[in-house]
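As a plain string of letters, each chain reads:
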Amino acid sequence: YANKEVINSWINALTLTGFNIATVTCPSINLIEKLTNNSKKEIFILCDIEDFVTSIYILRNDCQLFSKRVPFGSSFYITEKECLNNQFFSRLHNSVKSILSENKLEFDDSIYINGIGIDKMLSINNKIRDGFCRLPKTQYELNLEKVKDFKLNVSVVNSFSNTLDGLIKWRIIILLKIMKI
């Protein structure tokens, strides 16, 4: 799934740490593999949208992966203006079409989107253009049966809590700007 030189550079860096075992993985790859395992579709497309860049993953059901990082994310498009929202999705759609064309692939299905960048953008303007499907489709919910397990993973809970606090503060700042307070 990655360039051999990139992997070798990671291996060289990891050997300097002195740890015997280390792994490097991309969460988006795991997500798209789960989608393909539950479907008979020929091609899946997932766009991992961050603030300043977007990674586009195209996975065929024969495990052939095409990926490309495009130099735009959601930061410029985080606004209440629907025209900028539409422009973002148009730009993303054109980028995907270009990658498909370069690789002589045909695709006529929904493009899956996820990432912190799209979460931020859609928190202000929650309109998703036709042809795109947001993952996960549901908001995060606390499973009360698993709360007892959280005590075993305090660092995970603290990390999630800190991230949630940051998002809440970010939304408050945006709301104050909108209300001009």
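Values in this document were obtained by computation on a predicted structure and should not be read as measured data.

Draft legend 1. How the structure looks around the nonpolar core. With 24 residues, the main nonpolar core has Ile45, Cys47, Ile56, Ile58, Phe88 and Leu92 as its most contacted residues. Residue assignment for this core shows that the elements contributing at least two residues are β1 (43–49), β2 (54–60), β3 (65–70), α3 (82–102), β4 (111–114) and α4 (116–124). The element best represented in this core is α3, accounting for 7 residues. The residues touching Ile58, leaving out its near neighbours within four places in the chain, are Ile43, Phe44, Ile45, Gln64, Leu65, Phe66, Ile99, Leu100 and Leu105. Formed by 11 residues, the second largest nonpolar core is a distinct cluster that contains Ile29, Leu46, Tyr112 and Leu135.

Draft legend 2. Region of the structure containing the packing of aromatic side chains. Across all of its chains, the model carries 6 aromatic pairs by this definition. With a centroid separation of 6.1 Å and 25 degrees between ring planes, the pair formed by Phe44 and Tyr112 is classed as stacked. In this pair, Phe44 sits in strand β1 while Tyr112 sits in strand β4, placing the two residues 68 residues apart along the sequence. We note that Phe44, like Tyr112, is buried. Aromatic pair Phe88 and Phe89: ring centres 5.4 Å apart, planes at 80 degrees, arrangement edge-to-face. Taking the relative accessible area as the measure of exposure, Phe89 reaches 0% and is therefore buried. Linked through ring pairs, Phe72, Phe76, Tyr77, Phe88, Phe89 and Phe132 together constitute an aromatic cluster.

Draft legend 3. Broad picture of the sheet that holds β3. Taken together, the 5 strands give an open sheet; going across it, the order is β3-β2-β1-β4-β5, and neighbouring strands pair in mixed fashion. Lying at the two open borders of the sheet, with one neighbouring strand each, are β3 and β5 (132–134). Within the sheet, the average angular offset between the axes of one strand and its neighbour, ignoring direction, is 20 degrees. Relative to β3, β2 runs antiparallel, the two being bridged by 6 bridges. Residue Leu59 lies in a different strand from β3, and its bridge partner there is Leu65. Contacts from helix α2 (residues 27–37) reach β1, β2, β3 and β4, with the element oriented near 150 degrees to β1. On the sheet, α4 packs against β1, β4 and β5 and is oriented at approximately 70 degrees with respect to β1.

About the cut-offs
- Along every chain, residues carry numbers that run from 1 in the direction the sequence is written.
- A pLDDT threshold of at least 70 governs which residues receive local features in this predicted model, and a stricter bar of 80 or more applies before side-chain atom pairs are shown or counted, although totals over entire chains, interfaces and linings include all residues.
- By convention in this description, side-chain values take in all heavy atoms of the structure and omit both hydrogens and water.
- Buried Ala, Val, Leu, Ile, Met, Phe, Trp, Tyr and Cys residues that are joined via side-chain atoms within 4.5 Å together make up what is termed a nonpolar core.
- Exposure is judged per residue with a 1.4 Å probe applied to protein chains only, and the accessible area is read against the type maximum: over 50% gives exposed, under 20% gives buried, and values in between give partly exposed.
- Helix and strand assignments come from DSSP, with helices taken as H or I runs of at least 4 residues and strands as E runs of at least 2, each series counted from the N terminus.
- Any pair of residues with heavy atoms lying within 4.5 Å of one another is described as a contacting pair.
- Two aromatic rings, drawn from Phe, Tyr or Trp (for Trp, its six-membered ring), form a pair once their centres lie within 6.5 Å of each other, and the interplanar angle then sorts them: stacked below 30 degrees, edge-to-face above 60, tilted otherwise.
- Strands pair, by our definition, only if DSSP identifies at least two bridges between them.
- Orientation is described by lines fitted to C-alpha atoms, with helices fitted over the stretch in contact, and by angles between N-to-C directions that extend from 0 to 180 degrees.

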